[in-house]
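# Architecture and fold: a report
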Amino acid sequence: MTRIVDLPTPALIVDRQKFDANVATMAAVRPGLTLRPHIKAHKSTALAHELAKVGHTAFTCATPREVIGMVQAGLGSDLLLANETVDIQRLRAMAALQDTARITVAIDSETTATLAAECGIKDVLIVGGGVIPEIDHKDLVKSGVDHVFGPGTPLPTIIDHINTGVSKLRKI
């Protein structure tokens, strides 16, 4: 039997019983597409496949490499690249996979939006944060922001708005 200290690093070690119990709890509390697990938590397509078996088929990725790896592993039905990127080579690599995968890229500026479009990315999620001055709301909406939430907006209100938007996109 291999001892943990003899494993080459980095190595992912999983307590299967705890993992299965956590997955069952996640599936009970947030079934199916109501949960978008983040791949950076485990960086393992094998574990992502286990999540997909219980209906969690939409995933969030931190890097373009994670997105590409998920598609190559057959897990590309709904992927979100949550971190913005200006890496043209990786944007193009993700765009090339859009015939077999649904890839959405988060953007946070005109630069990231322009590069995503120029590289062929079809779906973008425009994200903003912080306190946005009222004077900027109109320009944000003109540039594609669906809604600007003011300070103190209850989180459930924001989540409901996002889920409604995602549901509309899934019907397209």
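Residues numbered from 1 in each chain as written. Predicted model: local features only at pLDDT ≥ 70, side-chain atom pairs only at ≥ 80, totals over all residues. Heavy atoms only, no water.

### Side note on the overall build of the chain
For the record, the criterion: By definition, any uninterrupted DSSP run of H or I lasting at least four residues is a helix, any uninterrupted run of E lasting at least two residues is a strand, and each is numbered from the N terminus. Each residue is assigned to one of three classes by its accessible area relative to the maximum for its type, calculated with a 1.4 Å probe on protein chains only: buried under 20%, partly exposed between the two thresholds, exposed over 50%. Any pair of residues with heavy atoms lying within 4.5 Å of one another is described as a contacting pair. In this tally, Asp and Glu contribute negative charge and Lys and Arg positive charge; neither His nor the terminal groups of the chain are included. One atom stands in for each charge, and that atom is NZ of Lys, CZ of Arg, CG of Asp or CD of Glu.
Counting its secondary structure elements, the chain contains seven helices and four strands. Mapped in sequence order, the helices and strands of the chain form the string α-α-β-α-β-α-β-α-β-α-α. Going through the 172 residues of the chain one by one, you find that 30% of them count as buried. Considering only contacts within the chain whose residues lie at least 6 apart along the sequence, 46% involve residues at least 24 apart. Put simply, the chain has 18 plus and 18 minus side-chain charges, and the middle of one group is 5 Å from the middle of the other.

### Observations concerning the confidence of the model for the chain
Put simply, the rule reads: The pLDDT value expresses, per residue, how confident the predictor is, ranging between 0 and 100.
Residues at a pLDDT of 70 or more form 92% of the chain, whose mean pLDDT is 87. Of all the helices and strands in the chain, strand 4 (residues 123-126) carries the lowest mean pLDDT, 70, while helix 3 (residues 64-72) carries the highest, 97.

### Focus: the packing of helix 1 (residues 16-29) against helix 2 (residues 45-53)
Put simply, the rule is: Only the contacting stretch of a helix is used when fitting its axis, a line to C-alpha atoms as for every element, and angles between N-to-C directions run 0 to 180 degrees. Convention used here: angles under 35 degrees read as roughly parallel, angles over 145 as roughly antiparallel, angles from 65 to 115 as roughly perpendicular, and any remaining angle as oblique. Helix crossings are classified by the rotation of the near helix relative to the far one: an anticlockwise turn of less than a right angle makes the crossing left-handed, while a clockwise turn makes it right-handed. Three classes are used, and their members are as follows: Ala, Val, Leu, Ile, Met, Phe, Trp, Tyr, Cys and Pro are nonpolar, Asp, Glu, Lys and Arg are charged, and the others, Gly among them, are polar.
Interaxial distance between helix 1 and helix 2 falls to 10 Å at its minimum, and their mutual angle equals 40°. Between helix 1 and helix 2, the angle falls in the class oblique. Relative to helix 2, helix 1 is oriented so that their crossing is right-handed. For the pair formed by helix 1 and helix 2, the contact residues are R16, F19, V23 and M26 on the first element and L47, E50 and L51 on the second. Here the contact of helix 1 with helix 2 is built from residues that sort into five nonpolar, no polar and two charged.

### Comments concerning helix 3
Taken together, the buried positions of helix 3 are P64, E66, V67, I68, M70 and V71. At its buried positions, helix 3 is contacted by helix 2, strand 1 (58-61), strand 2 (78-81), helix 4 (88-95) and strand 3 (103-107). The first or second residue beyond helix 3 is G74, which carries a positive phi of 80°.

### Quick notes on unusual backbone geometry
For the bond running from T9 to P10, omega is -5°, close enough to zero to count as cis. Looking at the secondary structure, you find P10 in the segment before helix 1. One non-glycine residue, K43, lies in positive phi territory at about 50°. Along the chain, K43 turns up in the loop between helix 1 and helix 2. Residue classification places K43 among the exposed positions, given a relative accessible area of 56%.

### Here we look at the pairing of strand 1
Where we set the bar: In this description, strands pair whenever DSSP reports at least two bridges between them. Looking down the strands as they point away from the viewer, one classifies a crossover as right-handed if the path from the first strand across the helix to the second runs clockwise.
The two faces of strand 1 match: A58 and T60 on one face and F59 and C61 on the other face are all buried. As judged from the four bridges shared by strand 1 and strand 2, these two strands associate in the parallel manner. In the sheet register, T60 faces strand 2, and the bridge partner there is L80. You can see the chain leave strand 1, run along helix 3 and come back into strand 2, and the turn it takes is right-handed.

### So, the nonpolar core
Side chains that are nonpolar tend, in soluble globular proteins, to be buried together. What counts is decided by this rule: For this analysis, a nonpolar core means a set of buried residues of the types Ala, Val, Leu, Ile, Met, Phe, Trp, Tyr and Cys, connected via side-chain atoms within 4.5 Å.
Residues F59, M70, M94 and I103 are the most contacted members of the largest nonpolar core, which totals 28 residues. Secondary-structure elements contributing two or more residues to this core are helix 1, helix 2, strand 1, helix 3, strand 2, helix 4, strand 3 and helix 5 (110-118). Apart from the residues lying within four places of it in its own chain, the contact partners of M94 are P64, V67, I68, L81, T85, I103, V105 and I121.

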